Amino acid sequence: MKATIFDIQRNSFVDGPGIRTTVFFKGCNLRCAWCHNPESQSGNKEFLFYPNKCILCGRCANATPEDENFICYHDARISCGKDYTVLELFREISRDMPYYAASRGGVTFSGGECMLQIDFLKSILRECKINGMHTAVDTAGHVPFDYFQRILSYTDLILYDIKCLDSKKHKQYTGVPNDLILDNLAKLLQINFPILIRIPVIAGVNDTIEEMTAIRNYLEAHGKPKGVELLQYHALGEHKYEALGRKNQAFTVPTEEKMALLCAVFKTDNE
């Protein structure tokens, strides 16, 4: 059994507690207009091409994305996607175990949408738990609830993305309605599973007090998450669209003042 991974990021401080290794699975069933990792969307291996770095050496003339051994020494053509067995990926993850122990960190599986490769995800989560690692799964939640049931025993924390509550708007900007996403979230909250809600804040889409209040009210009606994080939109992935030969939709970065106002919606009197 293998999974296609497009990145392994070490020394992460933003994908769960402590120092973490974040593993990015390739393939996603959403098409968020603001996605900063467009290379994560397709489940197929592909090249990112940066023509300004190309010296026309011709080495890549016959190369294909399936050739995992191909290396462009000038980083003009970069392979995106590599197959790992459970054992191979665990070996990569376990290199960072001293950092996990020192910081109470662990490993986070993200994407794309890691839940789409559910059999592999369950196997690697189980291997990590057997070896005493803290595990987290970062998901948009647009999968059958049965997928969650298969991994909860081996997962310490779920990072759950919420974009907006209006299903029509959700479909407009992500390509799918949010009924399944919200239904899964409600079920997870009702069983008191540790969940960290993460909301990407996109100017002109969901950057209003009204939207954040609606999300807060939904959460209060269904259970209590471990916490809520608001993630400020950034445009750092724009060059990747060009490298994939694709166009992207531009959004404005929310101001720090706006972010502070929106974050205040979720603060309690005790904070």
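Computed from a predicted model, the values in this text were never measured in an experiment.

Caption draft 1: Molecular detail of the pattern of salt bridges. Applying the stated criterion to the full structure yields 17 salt bridges. A salt bridge links Glu-92 to Arg-10; the nearest nitrogen and oxygen atoms lie 3.2 Å apart. Taken together, the positions of Glu-92 in helix α1 (residues 86-94) and Arg-10 in strand β1 (residues 2-12) put the pair 82 residues apart, joining distant regions of the chain. Residue classification places Arg-10 among the partly exposed residues on the basis of a relative accessible area of 25%. Note that Lys-129 and Asp-156 form a salt bridge whose closest N and O atoms lie 2.7 Å from each other. Taken together, the residues Lys-129 in helix α3 (residues 118-130) and Asp-156 in the loop between α4 (145-151) and β8 (157-161) connect sequence positions 27 residues apart. For Lys-129, a relative accessible area of 27% translates into the label partly exposed. One salt-bridge network, in which partners are shared between bridges, spans Arg-10, Glu-92, Arg-95 and Asp-96.

Caption draft 2: Structural context of the nonpolar core. Core analysis: the biggest nonpolar cluster contains 51 residues, and Leu-89, Ile-93, Phe-109, Leu-121, Ile-124 and Tyr-160 have the highest contact counts within it. Excluding its chain neighbours within four sequence positions, the residues that come into contact with Phe-109 are Val-23, Phe-25, Leu-89, Ile-93, Cys-114, Leu-121, Ile-124, Leu-125, Cys-128, Ala-136, Val-137 and Asp-138. With 14 residues, the next largest nonpolar core counts Ala-33, Trp-34, Val-205 and Tyr-233 among its residues.

Caption draft 3: Local environment of unusual backbone geometry. Cis rather than trans, the peptide bond between Gly-111 and Gly-112 has omega equal to 15°. Here Gly-112 lies in the loop between β6 (106-110) and α3.

Parameters at a glance
Residues numbered from 1 in each chain as written. Predicted model: local features only at pLDDT ≥ 70, side-chain atom pairs only at ≥ 80, totals over all residues. Heavy atoms only, no water. Salt bridge = Lys/Arg side-chain N within 4 Å of Asp/Glu carboxyl O. Helix = DSSP H or I, 4+ residues; strand = E, 2+ residues; numbered from the N terminus. Buried < 20%, exposed > 50% of the residue type's maximum accessible area, 1.4 Å probe, protein only. Core = buried A, V, L, I, M, F, W, Y, C linked by side-chain atoms within 4.5 Å. Contact = heavy atoms within 4.5 Å.

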